[in-house]
Amino acid sequence: MLTWAELIVVMFPLGLVGILLWLRLRTAGATEKVAAKLILLVLALFALALFGIFLASIGWKGRNDAMMVLGAAIGILGFIALRKSLKRIWERFPLTEESEPKDDF
């Protein structure tokens, strides 16, 4: 069961990353709708990677090899997908001197 302190410790960094990503995308010219969709995508991929790490740790503690391998595979897949999506986002919305709003998502 999560306590308030644990919840705050988890939500503070995620909120900070979301705010910084929002500022970065809006500065590069993304519209509010596109920026919100991309932030949700990034947070979902991060949650997938954390879920994989969680499964792998439970498999390790419980001596369950199948769960450990599945969790490691999900975690690696989540981090690779997160890396690729962030790379595509940075390529689609580069920081330039004159950025106009873009609606292409």
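Residues numbered from 1 in each chain as written. Predicted model: local features only at pLDDT ≥ 70, side-chain atom pairs only at ≥ 80, totals over all residues. Heavy atoms only, no water.

1. Topic: the packing of helix α2 (residues 32-61) against helix α3 (residues 65-92)
At a minimum axis separation of 7 Å, α2 and α3 run at an interaxial angle of 160°. The angle between α2 and α3 falls in the class roughly antiparallel. Judged by the twist between their axes, the crossing of α2 over α3 is left-handed. Partitioned by chemical class, the residues of the contact of α2 with α3 number 22 nonpolar, six polar and no charged. (Axes fitted to C-alpha atoms, helices over the stretch in contact; angles between N-to-C directions. Helix = DSSP H or I, 4+ residues; strand = E, 2+ residues; numbered from the N terminus. Parallel < 35°, antiparallel > 145°, perpendicular 65-115°, else oblique. Left-handed = near helix turned anticlockwise from the far one by under 90°. Nonpolar A, V, L, I, M, F, W, Y, C, P; charged D, E, K, R; others polar.)

2. Describing the confidence of the model for the protein chain
Across the protein chain, pLDDT averages 90, with 90% of residues at or above 70. Element-level pLDDT for the protein chain is lowest in helix α1 (residues 4-28), with a mean of 91, against a maximum mean of 96 in α3. (pLDDT = per-residue confidence, 0-100.)

3. Topic: the environment of Leu21
Mapping Leu21 onto the fold places it in helix α1. With 14 residues separating them along the chain, Leu21 and Ala35 place their C-alpha atoms 8.3 Å apart. In contact with Leu21, other than residues within four places in its own chain, are Ile39, Val42 and Trp90. (Contact = heavy atoms within 4.5 Å.)

4. Things to note about a nonpolar patch on the surface
Taken together, the side chains of Leu2, Trp4, Leu7, Ile8, Val10, Met11, Phe12, Leu16, Ile19, Leu20, Trp22 and Leu23 define a hydrophobic patch exposed on the protein surface, amounting to about 1300 Å² of accessible area. Along the chain, Leu20 turns up in helix α1. (Patch = residues over 30% accessible without salt bridge, like charges linked within 9 Å, V, L, I, M, F, W, Y side chains within 5 Å. Areas by Shrake-Rupley, 256 points an atom, 1.4 Å probe, with all protein chains shown as cover. Salt bridge = Lys/Arg side-chain N within 4 Å of Asp/Glu carboxyl O.)

5. Details of unusual backbone geometry
The phi angle at Arg63 is positive, at roughly 55°, despite the residue not being glycine. Among the structural elements, Arg63 can be located in the loop between α2 and α3.

6. Looking at a positive patch on the surface
On the surface, a cluster of positive charge is contributed by Arg83, Lys84, Lys87, Arg88 and Arg92. Along the polypeptide, Arg92 turns up in helix α3. (Lys, Arg positive; Asp, Glu negative; His and termini not counted. Charge placed at Lys NZ, Arg CZ, Asp CG, Glu CD.)

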